[in-house]
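Next come the chains, spelled out residue by residue.
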Amino acid sequence: MKLRSWLFVPADSERKLAKGLNCPADVLILGLEDAVAASRKVGARGSAAEFIGANAAQLESRQARLFVRINPLDTGLAMGDLATVVVPGLAGIMLPKTNSAADVLRLGHCLDALEARAGLKAGSVLILPVATETAQAMLNMQSFSAPLPRLAGVTWGAEDLSAAIGAAANRDEDGQYSPLYSLAGALCLCAAAATGVPAIETIHTDFRDSAGLAATSRASRRRGFRGRMAIHPDQAQSQPSA
């Protein structure tokens, strides 16, 4: 399974879902978390499940896969998300605001039961944790020290981490990540290596900056990342070859 380019698509937007079908991304991540307003989250679950049922086979024919980014485990929304979207055709779950490897194991136990209910092969739904979005996560990165069931990769994020610690920005005046966020990326690389899965680079926030995307993606590849998140279809088309 190729896991180089991962495109976020809000699950409550029919237009963006349709556009995502024509994008060359290796993975479409149907979003139920930050990109979906609270009043639309329940409806977005159903939209995601319908999209998976209608399009998974078409995407698999070109070796693309469907993941769903659920709401964090501690929000009270995650179980409802999972109960709706674990259907045939689902390849994986993105787990935001993962606090430690224990959260990955907890999610895996939930998937055990939901796969059986949906008639899916046991262990077939993979997990991609966003491993650096909380202060607790940063302090617990050593928990990713050995292979974990279902783990598809490890990725990281800077935007939610800066909000969690009350930072005004995650970059210094020269535009480079501040030390904490550089550390987060480095720990992601180590966690992925220790668990035997690919490290997936975080987003390039300016989707109009194709030159910056290309330059930072090449630098990320040199550091050891094997894929990257995208927030716009053009970014998935602009990724340099690994």
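Look a little higher up for the structure.
Residues numbered from 1 in each chain as written. Predicted model: local features only at pLDDT ≥ 70, side-chain atom pairs only at ≥ 80, totals over all residues. Heavy atoms only, no water.

Caption draft 1: The overall build of the chain, seen in detail. Helices and strands together make up the secondary structure of the chain, namely nine helices and eight strands. Its C-alpha atoms give the chain a radius of gyration of 17 Å, within 12% of the compact-globule value 18 Å for 242 residues. Seen through its C-alpha atoms, the chain measures out along the principal axes to roughly 50 × 35 × 35 Å. For the chain, long-range pairs separated by at least 24 residues make up 71% of all intrachain contacts whose partners lie at least 6 apart in sequence. If you sum the accessible surface of the chain, you get close to 10,800 Å²; carbon and sulfur atoms cover 54% of it. (Helix = DSSP H or I, 4+ residues; strand = E, 2+ residues; numbered from the N terminus. Rg over C-alpha atoms; globule rule 2.2 N^0.38 Å. Contact = heavy atoms within 4.5 Å. Areas by Shrake-Rupley, 256 points an atom, 1.4 Å probe, with all protein chains shown as cover.)

Caption draft 2: Inspection of unusual backbone geometry at higher detail. Residues other than glycine seldom take positive phi values, yet Gln63 does so here, at roughly 65 degrees. By secondary structure assignment, the location of Gln63 is in the loop between α2 (41–61) and β3 (65–69). Residues other than glycine seldom take positive phi values, yet Lys97 does so here, at roughly 50 degrees. Inspection of the secondary structure assignment puts Lys97 in the loop between β4 (92–95) and α4 (101–118).

Caption draft 3: Highlighting the sheet that holds strand β7 (residues 199–201). What the eight strands build is an open sheet, ordered β5-β4-β3-β2-β1-β8-β7-β6; its pairing is parallel. Each edge of the sheet is formed by a strand with only one pairing partner; in this case those strands are β5 (126–129) and β6 (154–155). Both strand β2 (residues 27–31) and β3 contribute to a ladder of five bridges, which runs parallel. Its bridge partner being in β3, Leu30 is matched across the sheet by Val68. In the packing of helix α1 (residues 14–21) onto the sheet, contacts are made with β1 (5–10) and β2, and the angle to β1 comes to roughly 155 degrees. Where α2 meets the sheet, it contacts β2 and β3, and its direction lies at approximately 155 degrees from that of β3. (Pairing = 2+ DSSP bridges. Axes fitted to C-alpha atoms, helices over the stretch in contact; angles between N-to-C directions.)

Caption draft 4: Structural context of the environment of Arg69. Tracing the backbone through its elements, the reader meets Arg69 in strand β3. As a C-alpha pair, Arg69 and Ala146 span 77 residues in sequence and 24 Å in three-dimensional space. Within the local environment of Arg69, its side chain forms a polar contact with the side chain of Glu33, the two groups lying 3.5 Å apart. (Polar contact = N/O pair within 3.5 Å; in protein donor to acceptor, adjacent residues only side chain to side chain.)

Caption draft 5: View of the side chain of Thr134. In this structure, Thr134 sits in the loop between β5 and α5 (135–139). Among the polar contacts listed, one links the side chain of Thr134 to the side chain of Asn99, at a separation of 2.6 Å. Not counting chain neighbours up to four residues away, the residues in contact with Thr134 comprise Lys97, Thr98, Asn99, Leu161 and Ala164.

Caption draft 6: Structural view of the pairing of β3. Across the five residues that make up β3, a large majority, four, are buried. You can see the chain leave β2, run along α2 and come back into β3, and the turn it takes is right-handed. The sheet contact formed by β3 and β4 spans three bridges and is parallel. Pairing of Phe67 across the sheet is with Gly92, part of β4. Each parallel crossover has a hand, and the one from β3 via helix α3 (residues 78–85) to β4 is right-handed. (Buried < 20%, exposed > 50% of the residue type's maximum accessible area, 1.4 Å probe, protein only. Right-handed = clockwise from strand over helix to strand, strands pointing away.)

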